[in-house]
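# Reading the structure
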Amino acid sequence: MRVTTWNVNSAKQRVPRLLPWLDQRQPDVVCLQETKLTDAAFRELLGGPLEERGYEVAVHGEAQWNGVAILSRVGLGEVVAGIPDGPGFPHPEARAVSATCGGIRVHSVYVPNGRTPDSDHYHYKLAWLAALREQVAAGPKEAIVCGDVNIAPADADVFDPAAYVGHTHVTAPERDALAQLQALGLRDVIRDRWPDKRVFTYWDYRAGMFHQDLGMRIDLVLASAPVAGRVQAAWVDRLARKGTGPSDHAPVVVDLDEAPDGDIGPMVPPPSAPVKRGKTKLPQSPPGQ
DNA sequence: ATGTCACGTACCACGTGA
């Protein structure tokens, strides 16, 4: 099963890149971010072409900004739009959608940018991440969080750490919030696969940043242990960032092996009723590299 | 000194968000 995530920076503008990419890469699950379309406009624009290709669609969008979606051709159930009781700015925005696809709880997320570390938007970003953590924690343990997290997990994930001092995406509170999400037992599958490689997913359109490979790794696939254990391949599709009319983000592609039988349970066992089988106990924090 | 793109509104340019 091939699971992917891509911040397309306007689904409408990206149609000429998105549809050929689906045909080329044949993903089973596609998490999209920054669709920038209402649900009605998304279905009007892409409903037909996606149905032809065998995809069911879960969308959560708005007219101008944000917007997320999940496309799946391995089933799409129990769709939840947004983060129930999550924070807004000031009103809730279309930044998350989740669904069960091929037995995995899939979350497509577009984490707030944060703008500047002294802004209200930055505090909103941190609160939003905490709410996402609670939502994932309350869900099944077969889980995968995919999307634009607008955080570079480590200094190795930015082209020049010095250039980002004092900016969002690299501050300790942001990284801590991401680490707390990962502390549910979520593995960063790209970094696991490429521990020492220079690997980015986003390059600013300006100043030939892509051509010089001056980017950031802010689009992540975070997989719970049972899913991370099935990873057969994990890579960034830089080809999709090249050529005419690309998004400023590249897709992340993850291939999973077949699921083993059984052993379905909650992400975090209730304290009053601990899971005693102990067969696939989740670590309290990700093991060190 | 932002070498870009996309958004809406409003017109052939600008403010905003990223």
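Residues numbered from 1 in each chain as written. Chains lettered and ligands numbered in written order. Predicted model: local features only at pLDDT ≥ 70, side-chain atom pairs only at ≥ 80, totals over all residues. Heavy atoms only, no water.

The name an unreviewed UniProt entry gives chain A is Exodeoxyribonuclease III, with Rhizocola hellebori as the organism.

Further remarks concern the protein's contact with DNA strand B. Neighbouring DNA strand B are 13 residues, the closest being Ser10, Gln13, Arg115, Tyr205 and Arg206. For DNA strand B, the backbone makes up 62% of the atoms found within 4 Å of the protein, where backbone means sugar plus phosphate. In this structure, a phosphate oxygen belonging to DNA strand B sits 3.0 Å away from a side-chain N or O atom of Gln13. One of the side-chain N or O atoms of Arg115 is found 2.6 Å from a phosphate oxygen in DNA strand B. (Near = heavy atom within 4 Å. Polar contact = N/O pair within 3.5 Å; in protein donor to acceptor, adjacent residues only side chain to side chain.)

This part covers the packing of helix H3 (residues 120–137) against helix H4 (residues 172–182). Their axes nearest at 9 Å, the elements H3 and H4 cross at an angle of 5°. Judged by the angle between their axes, H3 and H4 are roughly parallel. Of the residues in H4, those in contact with Tyr122, Lys125, Leu126, Leu129, Leu132, Arg133 and Val136 of H3 are Pro173, Glu174, Ala177, Gln180 and Leu181. Within the contact of H3 with H4, the residues separate by chemical class into eight nonpolar, one polar and three charged. (Axes fitted to C-alpha atoms, helices over the stretch in contact; angles between N-to-C directions. Helix = DSSP H or I, 4+ residues; strand = E, 2+ residues; numbered from the N terminus. Parallel < 35°, antiparallel > 145°, perpendicular 65-115°, else oblique. Contact = heavy atoms within 4.5 Å. Nonpolar A, V, L, I, M, F, W, Y, C, P; charged D, E, K, R; others polar.)

What follows is about the packing of aromatic side chains. Within the structure shown, the criterion is met by four aromatic pairs. Seen in terms of ring centroids, Phe89 and Tyr124 are 5.1 Å apart; in terms of plane orientation they differ by 25°. Their pairing is stacked. Within this pair, whereas Phe89 is found in the loop between strand E5 (77–81) and strand E6 (96–101), its partner Tyr124 is found in helix H3, the two being separated by 35 residues in sequence. The interplanar angle of 80° and the centroid separation of 5.9 Å between the aromatic rings of Phe159 and Tyr164 together place this pair among those described as edge-to-face. Above the face of the Trp194 ring, Arg193 is positioned so that its terminal group lies 4.0 Å from the ring centre. (Phe/Tyr/Trp six-rings, centres within 6.5 Å; stacked < 30°, edge-to-face > 60°. Lys NZ or Arg CZ within 6 Å of the ring centre and 35° of its normal.)

The UniProt feature table records "active site" (unreviewed entry) at Tyr110, Asp148 and His249. Of the residues just listed, which span 140 residues, no C-alpha pair is farther apart than 12.5 Å, and they cluster in one region. Relative to the elements of secondary structure, Tyr110 occurs in strand E7 (residues 104–110). The exposure class assigned to Tyr110 is buried, which follows from its relative accessible area of 9%. (UniProt positions renumbered as here; feature names shortened; annotations may be inferred. Buried < 20%, exposed > 50% of the residue type's maximum accessible area, 1.4 Å probe, protein only.)

Across the sheet, six strands lie side by side as E3-E4-E2-E1-E12-E11; this open sheet has mixed pairing. Each having just a single partner strand, strand E3 (56–60) and strand E11 (231–236) make up the two edges of the open sheet. Within the sheet, the average angular offset between the axes of one strand and its neighbour, ignoring direction, is 10°. Where E3 meets strand E4 (residues 68–72), five bridges bridge the pair, whose relative direction is antiparallel. Paired with Val57 across the bridge in E4 is Leu71. Against the sheet, helix H2 (residues 39–52) touches strand E2 (29–33), E3 and E4, its axis set at about 160° to E3. (Pairing = 2+ DSSP bridges.)

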